[in-house]
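# Residue-level structural notes
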Amino acid sequence: MLDLALSLDTELKEAVRIADEAGEILRQARLGSLKTKRKADNSIVTEADLASDELISSELRRLFPADGILSEESAYVRGESGRTWVIDPLDGTSGYANGGDDYAVQIGLIADGKPVLGVVAEPETRRIYRAINGVGTFMSSDATSTMRQLRVSKAQDLADMALVVSARFPRENVQPLSEALQVRSVVQAPSVGCKVGKLTRREVDLYYSVHPVSYWDSCAPLVVLEAAGGMMTSPDGSALSYDFNQTNFQHSTPLVASNGHIHSACCEKIREYMAANAS
């Protein structure tokens, strides 16, 4: 683990710096007139998304020219090193555009097909999560302040667990979901990175994505969560795969993230819920 930490030390430091700078772009953009438009898939994109993407992508190309880059807002560039940076320059765009604080910048690194490094920055709270797989997850209030290590909760019973789901999950379905999973409570929040942040800060114990997410949504948060002791998988318990030979760069199933203590039981309950509510 020490060797891995040392070998990725430069990458982690630079990713933290870049995510912090991109976050400042997003914060400043909302001080003026924020322009939005619809992408081909009808999702919202803002000028701030694109400015954040340009900063992150250009810096990573400059620093690590042999690496590949996959970003939500620009074309995939295949590298020569066996490593790929996976970027979400603004996770939680709808909430961001509507003035919400729960949005994030996410920078992950995949080596030999597996996520190994993750940085998630929350510009409004100034929290920055940084993690290396197998080493640990640390949070600071900005890019340079003192860090503290994070560990997920110790809850080992669904009845003691708080669940977080997407802000887009229909409100009328929240109570039925809570009853089906038999959890203590359910909260809603945008941004995969912010939801995983709640897991690592022990505000919640379980996260169900409800719908499939893209690689840039999951990559950095997965490392942040798993390095803090949690788990993130498909509902059948299998590891999330990252296949850069496909075209849509999306996981084929929803994801389940937990504190890891009874992950199999959580997945089983969620599979039962999915089967009962299949359209």
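Quick look at the structure, then. Residue positions within a chain follow its written sequence, with the count starting from 1. For a predicted model such as this one, the threshold for reporting local features is a pLDDT of at least 70, and the threshold for listing and counting side-chain atom pairs is 80 or more; totals across whole chains, interfaces and linings nevertheless cover every residue. Heavy atoms throughout the structure, all of them, feed into the side-chain values; hydrogens and water do not.

## Comments concerning the side chain of T200
Positionally, T200 belongs in helix α6 (residues 192-200). The cut-offs for exposure are 20% and 50% of the maximum accessible area for each residue type, with area from a 1.4 Å probe on protein chains only; residues under the lower value are buried, those over the upper are exposed, and the others partly exposed. For T200, a relative accessible area of 2% puts it in the buried group. Among the polar contacts made by the side chain of T200, one reaches the main-chain carbonyl oxygen of G197 at a distance of 2.9 Å. Those residues in contact with T200 that sit more than four places away from it in its chain are Y129, L150, R151, V152, V224, L225 and A228. Each helix is a run of DSSP H or I of at least 4 residues and each strand a run of E of at least 2, with the numbering of both proceeding from the N terminus. The definition of a polar contact used here is a pair of N or O atoms within 3.5 Å, where within protein one atom must be able to donate a hydrogen and the other to accept one, and adjacent residues in sequence count solely through side-chain atom pairs. Throughout, a contact is declared for two residues whenever any of their heavy atoms are within 4.5 Å.

## Topic: helix α7 (residues 215-226)
For α7, spanning 12 residues, the distance from its first C-alpha to its last is 16 Å, which sits close to the expected 16 Å at 1.5 Å a residue. Among all positions of α7, only Y215, W216, D217, S218, C219, A220, P221, L222, V223, V224 and L225 are buried. Expected span, for any helix, means 1.5 Å times one less than how many residues it has.

## Notes on the pairing of strand β9 (residues 136-140)
Counting buried residues in β9 gives four out of five residues, a clear majority hidden from the surface. Pairs of strands are assigned from DSSP output, requiring at least two bridges between the strands. Bridge analysis of strand β8 (residues 127-132) against β9 gives five bridges, and the strand direction is antiparallel. Residue I128 lies in a different strand from β9, and its bridge partner there is S140. Bridge count for β9 against strand β10 (residues 148-150) is three bridges, and the pairing is antiparallel. Note on β10: the bridge partner recorded for F138 is Q149.

## Remarks on the packing of aromatic side chains
Geometry of aromatic contacts follows a simple scheme: Phe, Tyr and Trp rings, the Trp one being its six-membered ring, pair when their centres are within 6.5 Å, and the pair is stacked under 30 degrees between planes, edge-to-face over 60, tilted otherwise. Inspection of the entire model under this criterion finds nine aromatic pairs. In textbook terms, an aromatic cluster arises when at least three aromatic residues are bridged by ring pairs, as seen for Y76, Y215, Y242, F244 and F249. Cation over ring: R83 sits above F64, and NZ or CZ is 5.8 Å from the ring centre. For a Lys NZ or an Arg CZ to count as sitting over a ring, it must be within 6 Å of the ring centre and within 35 degrees of the ring normal.

## Some points on the pattern of salt bridges
For salt bridges, the criterion is a side-chain nitrogen of Lys or Arg within 4 Å of an Asp or Glu carboxyl oxygen. Evaluation of the coordinates by the stated rule reveals 16 salt bridges. K13 is the salt-bridge partner of D9, the closest N and O atoms lying 3.3 Å from each other. Of the two residues, D9 and K13 both sit in helix α2 (residues 9-29), four residues apart, roughly one turn of that helix. Residue classification places K13 among the exposed positions, given a relative accessible area of 56%.

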